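Okay, here's what each chain looks like letter by letter:
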Amino acid sequence: MGKFIDELMEKMTIEEKIGQLNLVTAGEATTGSVVSTDVESKIKAGNIGGIFSMTSPSRIRKAQELAVNQSRLKIPIIFGMDVIHGYKTIFPIPLGLAATWDMNLIQKTARVAATEASADGLNWTFSPMVDISRDARWGRISEGSGEDTYLSSRIAKEMVLGYQGDDLSKNNTLMACVKHFALYGAAESGRDYNTTDMSLHRMYNEYLPPYKAALDAGAMSVMTSFNDINGVPASANHWLLTDLLRKDWKFNGLVVTDYTAVNELIDHGLGDLQKVSELSLKAGVDMDMVGEGFLTTLKKSLDEGKVSEEEINRACRYVLEAKYRLGLFEDPFKYCDEDRAKKELLTPAHLKLAREAAGKSFVLLKNVNHTLPLKKQGTVAVIGPLANTGANMPGTWSVSADLENTQSLVEGMRSVLGDKVDIVTHLGANLTDDPALQERSTMFGRTIPRDNRSFEAIIAEALEVSKNAEVIVAALGESSEMSGESSSLTDLNIPESQKRLLEALVKTGKPVVLVLFAGRPLTLTWEQEHVPAILNVWFGGTETGKAVADVLFGDVNPSGKLPATFPQNVGQLPMYYSQKNTGRPLAKSAWFQKFRSNYLDVSNEPLYPFGFGLSYTEFEYSPLKLEKATINKSDKLRITVQVKNNGQYNGEEVVQLYIQDLVASQTRPVKELKGFQKVWIEKGKSKTVAFEISEEDLKFYNQKLDFISEPGKFKVYIGTNSRDVQEAEFELID
Ligand code: BGC
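Residues numbered from 1 in each chain as written. Predicted model: local features only at pLDDT ≥ 70, side-chain atom pairs only at ≥ 80, totals over all residues. Heavy atoms only, no water.

(A) Broad picture of helix α9 (residues 209-216). Buried within α9 are the following residues: Pro-210, Tyr-211, Ala-213, Ala-214 and Leu-215. Of the surrounding secondary structure, the elements contacted by the buried residues of α9 are α7 (149-164), β5 (175-181), α8 (200-207), β6 (221-224) and α10 (238-248). Immediately beyond the C-terminal end of α9, within one or two residues, lies Gly-218, with a positive phi of roughly 110 degrees. (Buried < 20%, exposed > 50% of the residue type's maximum accessible area, 1.4 Å probe, protein only. Helix = DSSP H or I, 4+ residues; strand = E, 2+ residues; numbered from the N terminus. Contact = heavy atoms within 4.5 Å.)

Written out as structure tokens, the structure reads:
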């Protein structure tokens, strides 16, 4: 590869090298507000290195033909897209996928996404998004794996392996792009694009590991984030992009900015377009997404001695190497096979996986008196603004989804249940009372009809429709665009309009099942108190409706577990289980103690803790067993626990292992996830689940940023979620 690229670069003019650094959009999908112009003439002039959001082999072939037939050096173009949770077959939103805790399944979903997207002409995906987020006000919490460092790191790895397969040059793989580097999920106040100011200690221990895990798994590109990091925005941050990424982590792939992130450095206050483009290139950015700051200013900066030819060469080389790795120099049309596009999209096997993934992502939050599963008989009323909208089922960041042909919840349920169950349905309430908020929350074709009559009239009609039903399924929550980019919220309750409906439905005295659509943790204190059953279904993708039927009627036993804490109210945010103890922790059994760390009005507890999720069956944990009480640094400690399925259904349980470093040279979290296993246990049967802890699991970055362990006492916790655990102690000795 080196020789080929050296020879090519020798032939390139400086303008052609700068052209390679230019990533433009074809304007097909709406992921930002800028649409590139004159794409055709720029390709011919060698002014474009990559195009994103252009799909279909025929269109991509045409663009590629311009590059390889009509540009001077015939350098092929790379084609990218936001393939975030599926391409045409849409899987649950990433937060939902994380709730499966099923690594094998997650890898398979990424593999299918890569198969479909590459069959449609693409070779690069802007995924996985691995930003840790502990503030559910931030709409993009939906796009990541939640709050936890370990779980997110495990998922990051699986996604990369799924996309890239074992060989990036095959025509059914995609180059992965880990994003948004870095710390994008720690935006102050949960407001998108907002500043991040974070200690190195927290960064290294909690926020950086998932990016590193994706790179260790082989991700060949990185996207810089929009946010400021300790005073220097990521897209101009030399420490981040060069000292850490290139020097410490030895990353040798491509660094691309996020959408117009170079231009946005102007508003960050770093200078004009020429200045910020210079800063960005020098910091370590190779490719400029959409903004064309590089294209229009770097030559001038070179002439003025502000950037060097070596810096431009470096960036150009990384772009060319990515194309080489994808095999585009050998065959620029390798992804342009019309036949594949016809055969490999939305196949029965892909849809089957989507249905399985959706069912496994649902989290059962409450189920009193065995309200669920329902019997396949009689009449069920499915009421609410999310009941009859196919377009909202794929969830946010599913830009390639076929919205018109996605079944709604009711359609999906009917297709599974046939005439065994009579399903009646009604809007019941508007998504929100405020039409302007509804409009902002249903963009990009994710519309939900509005009924302009009084809410009383709408509810009365819904009650009339439900009057012969034995059970009411309330399909409520968020629309898909209430989460995702630029969709931060300050109020995490189910909108008032829907709350009134829910109250009215509960008042009927019929069993009510809340099927909750959400792209983030919502605050559900009233619902937890009053509604007999709550199934959180996030946004399940193409097969949502069928998967909901599978779970509600007991063909699938729910096994999802929360990848993010659900607070009691928004004032508790940011909230996460792996907090520090403080010097004045609240006594375990206490609700409030004066001069202790707590609130006057609400307890410190979340509504549902991290890792929480019920099943139709009951799992009983036997006392955990430690093989020994001490380990040295080369030892492994085996810990076992027996889990018995004591209920009436076969089911899956995610057995979770947490660790606490009791005494250290710096403060350590009260619990940190260090292992989990998802096990299938038949009713009446038991399984022994074994974990091994080694020194590696006990290490952390100290104040000097050395990754070390410290001898001393540790606690290990095992349980069904981060709160309900058993504990034991052991010691690490030198
Ligand atoms: C988002 C990225 C995305 C990019 C390209 C940006 O607005 O932040 O996540 O990959 O657009 O669509």
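(B) Representation of the pattern of salt bridges. A full pass over the atoms with the stated rule returns 44 salt bridges. Ionic pairing is found between Arg-140 and Glu-143, a salt bridge with its closest N-O pair at 2.5 Å. Across the pair, Glu-143 and Arg-140 agree in class, each one buried. For Glu-311, the salt bridge is made with Lys-282, and the minimal N-O distance between the two is 3.1 Å. Here the residue Glu-311 occupies a position in helix α14 (residues 309-325), and Lys-282 occupies one in helix α12 (residues 273-283), the gap between them amounting to 29 residues. Residue Glu-311 is classed as buried on the basis of its relative accessible area, which comes to 19%. Through salt bridges with shared partners, one network takes in Asp-102, Glu-356, Lys-360 and Glu-652. (Salt bridge = Lys/Arg side-chain N within 4 Å of Asp/Glu carboxyl O.)

(C) Local environment of the side chain of Glu-16. Looking at the element boundaries, Glu-16 is found in helix α2 (residues 14-20). On the basis of relative accessible area, Glu-16 is assigned to the buried category, the value being 10%. A distance of 3.0 Å separates the side chain of Glu-16 from the backbone nitrogen of Thr-13, its partner in a polar contact. Setting aside residues up to four positions removed in sequence, Glu-16 forms contacts with Lys-11, Gly-46, Arg-72 and Leu-73. (Polar contact = N/O pair within 3.5 Å; in protein donor to acceptor, adjacent residues only side chain to side chain.)

(D) Fine view of the sheet that holds strand β13 (residues 422-426). Taken in spatial order, the six strands of this open sheet run β11-β16-β15-β14-β12-β13, and their pairing is mixed. Single-partner strands in this sheet number two, and they are β11 (363-367) and β13. Averaged over all pairs of adjacent strands, the angle between strand axes in this sheet comes to 20 degrees, irrespective of strand direction. As judged from the four bridges shared by strand β15 (residues 512-517) and strand β16 (residues 533-536), these two strands associate in the parallel manner. Opposite Leu-514, over in β16, you have Ile-534 as the bridge partner. (Pairing = 2+ DSSP bridges. Axes fitted to C-alpha atoms, helices over the stretch in contact; angles between N-to-C directions.)

(E) Summary view of the packing of α8 against α9. Taken N-terminus to C-terminus, the directions of α8 and α9 make an angle of 50 degrees; their axes are 6 Å apart at the nearest point. As judged from the angle between their axes, α8 and α9 are oblique. Residue-level contacts link Met-203, Tyr-204, Asn-205, Glu-206 and Tyr-207 of α8 to Pro-209, Pro-210 and Tyr-211 of α9. Residues belonging to the contact of α8 with α9 are distributed by class as follows: six nonpolar, one polar and one charged. (Parallel < 35°, antiparallel > 145°, perpendicular 65-115°, else oblique. Nonpolar A, V, L, I, M, F, W, Y, C, P; charged D, E, K, R; others polar.)

(F) Summary view of the nonpolar core. In this structure, Ile-51, Trp-124, Phe-181 and Leu-208 are the most contacted members of the largest nonpolar core, which totals 130 residues. Among the elements that line this core, the one with the most residues is helix α6 (residues 103-119), at nine residues. With 74 residues, the next largest nonpolar core counts Leu-417, Ile-448, Ala-504 and Leu-505 among its residues. (Core = buried A, V, L, I, M, F, W, Y, C linked by side-chain atoms within 4.5 Å.)

(G) Expanded view of the UniProt feature "domain: Fibronectin type III-like" (unreviewed entry) in the protein chain. When the UniProt feature table is mapped onto this chain, "domain: Fibronectin type III-like" (unreviewed entry) is found at residues 653-722. Taken end to end, residues 653-722 comprises 0% helix and 57% strand; its first and last C-alpha atoms sit 14 Å apart. (UniProt positions renumbered as here; feature names shortened; annotations may be inferred.)

(H) Just the side chain of Gln-164, in detail. Among the secondary structure elements, Gln-164 is positioned in helix α7. Given the relative accessible area of 7%, Gln-164 is considered buried. A polar contact is formed between the side chain of Gln-164 and the backbone oxygen of Gly-218, at a distance of 2.8 Å. Within the structure, the side chain of Gln-164 is placed 3.2 Å from the backbone nitrogen of Met-220, a separation counted as a polar contact. When sequence neighbours within four positions are dropped, the list of residues in contact with Gln-164 reads Thr-173, Leu-174, Met-175, Ala-176, Gly-218, Ala-219 and Met-220.

(I) How the structure looks around the sheet that holds β6. Read from one edge of the open sheet, eight strands run β9-β6-β5-β4-β3-β2-β1-β10, paired in parallel fashion. The open sheet terminates on both sides in strands that have one partner only, identified here as β9 (254-256) and β10 (288-289). With three bridges joining them, β6 and β9 adopt parallel strand pairing. Among the inter-strand pairings, Met-223 is bridged to a residue of β9, identified as Val-256.

(J) Main features of the packing of aromatic side chains. Following the criterion strictly, the structure yields 24 aromatic pairs and no others. Plain terms: the ring middles of Trp-101 and Phe-676 are 5.0 Å apart, the flat faces sit at 80 degrees to each other, and that makes the pair edge-to-face. One end of the pair, Trp-101, is in the loop between α5 (94-100) and α6; the other, Phe-676, is in strand β22 (residues 672-681), and 575 residues separate them in sequence. Taking the relative accessible area as the measure of exposure, Trp-101 reaches 1% and is therefore buried. On the basis of relative accessible area, Phe-676 is assigned to the buried category, the value being 7%. Ring geometry for Tyr-150 against Phe-676: centres 6.1 Å apart, planes inclined by 85 degrees, an arrangement best described as edge-to-face. Placement of the pair is Tyr-150 in helix α7 and Phe-676 in strand β22, with a sequence separation of 526 residues. Overall, Tyr-150 belongs to the partly exposed group, its relative accessible area being 22%. One aromatic cluster is present, formed by Trp-101, Tyr-150, Tyr-577, Phe-610, Tyr-658 and Phe-676 through successive ring pairs. In this structure, Lys-179 packs its charged tip against the face of Trp-397, placed 5.5 Å from the ring centre. (Phe/Tyr/Trp six-rings, centres within 6.5 Å; stacked < 30°, edge-to-face > 60°. Lys NZ or Arg CZ within 6 Å of the ring centre and 35° of its normal.)

(K) Representation of the packing of helix α16 (residues 348-361) against helix α22 (residues 544-552). The N-to-C vectors of α16 and α22 enclose an angle of 50 degrees; their axes lie 8 Å apart at closest approach. With respect to their mutual orientation, α16 and α22 come out oblique. The element α16 and its partner α22 pack so that their crossing is right-handed. Contacts from Arg-355, Ala-358 and Gly-359 in α16 reach Lys-546, Ala-547, Asp-550 and Val-551 in α22. Residues of the contact of α16 with α22, tallied by class, amount to three nonpolar, one polar and three charged. (Left-handed = near helix turned anticlockwise from the far one by under 90°.)

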